[in-house]
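# Summary of the model geometry
This is what each chain is made of:
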Amino acid sequence: MGILITFPGGGGVHLTMGVLLEIFGFMVCGAFGFFLGIAGAVMGIVAGIVTLVKKRFGIIWMPILSILLGIAATVIATLVLVSISA
């Protein structure tokens, strides 16, 4: 951000601090969503294994939901990060 502020490009592109902070916020939140989504999916897999080993079939929907939401969060965060770079 510092380089972009001190060396604004020629042409018609004008970067303000608000725009830079918004892009930085998207990148940080996207990265957190990406890594926390992966962590949620892994924890869902571990919880699913534990649930199956303990034969608690009544709550098997919880780890499955965790895995699905973790994958969804990772995909959405990836799409957000890719859309920023485009």
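What counts and how
One numbering rule holds for all chains: residues counted from 1, following each sequence as written. Residue-level local features of this predicted model are given only where pLDDT is at least 70; pairs of side-chain atoms are given and counted only at 80 or more, and the full residue set underlies all totals for whole chains, interfaces and linings. Each side-chain value is derived from all of the structure's non-hydrogen atoms; neither hydrogens nor water enter the calculation. In this text, helices come from DSSP runs of H or I with a minimum length of four residues, and strands from runs of E with a minimum of two, each type numbered from the N-terminal end. Exposure is judged per residue with a 1.4 Å probe applied to protein chains only, and the accessible area is read against the type maximum: over 50% gives exposed, under 20% gives buried, and values in between give partly exposed. The contact criterion used is simple: two residues touch if any of their non-hydrogen atoms lie within 4.5 Å. Each accessible area value is a Shrake-Rupley result obtained with a 1.4 Å probe; residue values ignore everything except the protein chains displayed when judging cover. A 3.5 Å cut-off defines polar contacts: any pair of N or O atoms within that distance qualifies, except that in protein one atom must be a possible hydrogen donor and the other a possible acceptor, and neighbouring residues in sequence count only when both atoms are side-chain atoms. Pairing of aromatic side chains here covers Phe, Tyr and the six-membered ring of Trp, requires ring centres within 6.5 Å, and sorts the geometry by plane angle: under 30 degrees stacked, over 60 edge-to-face, intermediate tilted. Between the first and last residue of a helix there are one fewer steps than residues, each counted as 1.5 Å, and that sum is the expected span. Candidates for patches are residues over 30% relative accessible area with no salt bridge; among them, like charges are joined within 9 Å and nonpolar side chains (Val, Leu, Ile, Met, Phe, Trp, Tyr) within 5 Å. A side-chain nitrogen of Lys or Arg and a carboxyl oxygen of Asp or Glu constitute a salt bridge if their distance falls within 4 Å.

### Side note on the overall build of the chain
- A tally of regular secondary structure across the chain gives three helices and zero strands.
- Each helix and strand of the chain, ordered N terminal to C terminal, gives the series α-α-α.
- For the chain, the proportion of its 86 residues judged to be buried stands at 14%.
- Summarising the internal contacts of the chain: among those between residues at least 6 apart in sequence, 58% fall at separations of at least 24.
- Accessible area of the chain: about 6,400 Å², with a carbon and sulfur share of 82%.

### A few points about the side chain of Thr-51
- Structurally, Thr-51 can be placed in helix α2 (residues 17–53).
- By relative accessible area, Thr-51 is classed as buried at 8%.
- Here the side chain of Thr-51 touches Ala-47 through a polar contact of 2.7 Å, landing on its backbone oxygen.

### Comments concerning the packing of aromatic side chains
- In total, this model carries one aromatic pair according to the counting rule given.
- Plain terms: the ring middles of Phe-34 and Phe-35 are 5.3 Å apart, the flat faces sit at 80 degrees to each other, and that makes the pair edge-to-face.
- The class of Phe-34 is partly exposed, set by a relative accessible area of 26%.

### Quick notes on α2
- With 37 residues, α2 extends 53 Å between its outermost C-alpha atoms, agreeing within 8% with the 54 Å of an ideal straight helix rising 1.5 Å per residue.
- Every buried residue of α2 is accounted for by Leu-20, Gly-30, Gly-37, Gly-40, Ala-41, Gly-44, Gly-48 and Thr-51.
- Following α2 by one or two positions, Lys-55 adopts a phi angle in the positive range, close to 55 degrees.

### Some thoughts on the environment of Ile-76
- With respect to the helices and strands, the residue Ile-76 is situated in helix α3 (residues 61–85).
- Between the C-alpha atoms of Ile-76 and Phe-34, which are 42 residues apart in sequence, the distance is 8.1 Å.

### Re a nonpolar patch on the surface
- Where nonpolar side chains cluster on the molecular surface, the patch consists of Phe-35, Ile-38, Val-42, Val-46 and Val-50 and spans about 440 Å² of accessible area.
- Tracing the sequence through the fold places Val-42 in helix α2.
- By relative accessible area, which is 46% here, Val-42 ends up partly exposed.

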